[in-house]
Amino acid sequence: MQRSIYLAKLIGPIMLVVGLGMLLNGAVYRSIIDQFLHSTALIYLAGLLGMLGGLALVNAHNEWKADWTVIITLIGWLALLGGIFRILVPQQAVLIGTSMYGQAAMPLISGFIALVLGGVLSY
């Protein structure tokens, strides 16, 4: 449980701040996302970092319990799989990202999800 609390203290505040940023500055985040999706080098770098962070979380915390700690495990696996996807097929990441974030509400939805998860983990 100590490891879960430690990881929650790391991940939670970051997600809280990112979620707040997305909700308060939607236009800025839409611009950031647009610029990101036009750079395959950034997508590749994000894939490497996502895979690294995902592997670190999965190796340190691969616990499938029916409580709040499973959030950390899920974040690790999603980061790992997302990283692998961005490295192997960056062109598909562009297509998916463009279709998802082409909708004006998506940064708000993403921001809300990040805010809620960040709040749960920070609590």
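Throughout this description, residue numbers start from 1 for each chain and increase along the sequence as written. Only residues with pLDDT of at least 70 are given local features in this predicted model, and only at 80 or more are side-chain atom pairs given and counted; all residues enter the totals for whole chains, interfaces and linings. The basis for the side-chain values is all heavy atoms of the structure; hydrogens and waters are excluded.

## Comments concerning the environment of L20
Thinking step 1. Mapped onto the elements, L20 comes out in helix α1 (residues 2–24).
Thinking step 2. Buried, partly exposed and exposed residues are distinguished by accessible area as a fraction of the type maximum, computed with a 1.4 Å probe on protein chains only: under 20%, between the cut-offs, and over 50%, respectively. On the basis of relative accessible area, L20 is assigned to the partly exposed category, the value being 42%.
Thinking step 3. Taking the C-alpha atoms as reference points, L20 and I5, 15 residues apart in sequence, are found 22 Å from one another. Only DSSP runs of H or I reaching four residues or more are called helices, and only runs of E reaching two or more are called strands; each is numbered from the N terminus.

## A word on the layout of surface pockets
Thinking step 1. A 1.4 Å probe that fits but cannot get out identifies a cavity on a 1 Å grid over protein atoms alone, an open set with protein on both sides within 12 Å along at least five of seven lines counts as a pocket, and a residue lines either if it has an atom within 4 Å of a point. Grid points are joined across faces, edges and corners, and a volume is the space filled by probe spheres set on the points. Within this model, the largest pocket holds a volume of roughly 1,600 Å³.
Thinking step 2. Forming the walls of the largest pocket are 37 residues, and the residues nearest its centre are L78, A79, G82, R86 and Y101.
Thinking step 3. Secondary-structure elements contributing two or more residues to the lining of the largest pocket are α1, α2 (26–37), α3 (40–60), α4 (70–88), α5 (90–101) and α6 (106–122).
Thinking step 4. Here the lining of the largest pocket is built from residues that sort into 30 nonpolar, six polar and one charged. Nonpolar residues are Ala, Val, Leu, Ile, Met, Phe, Trp, Tyr, Cys and Pro. Charged residues are Asp, Glu, Lys and Arg, and all others, Gly as well, are polar.

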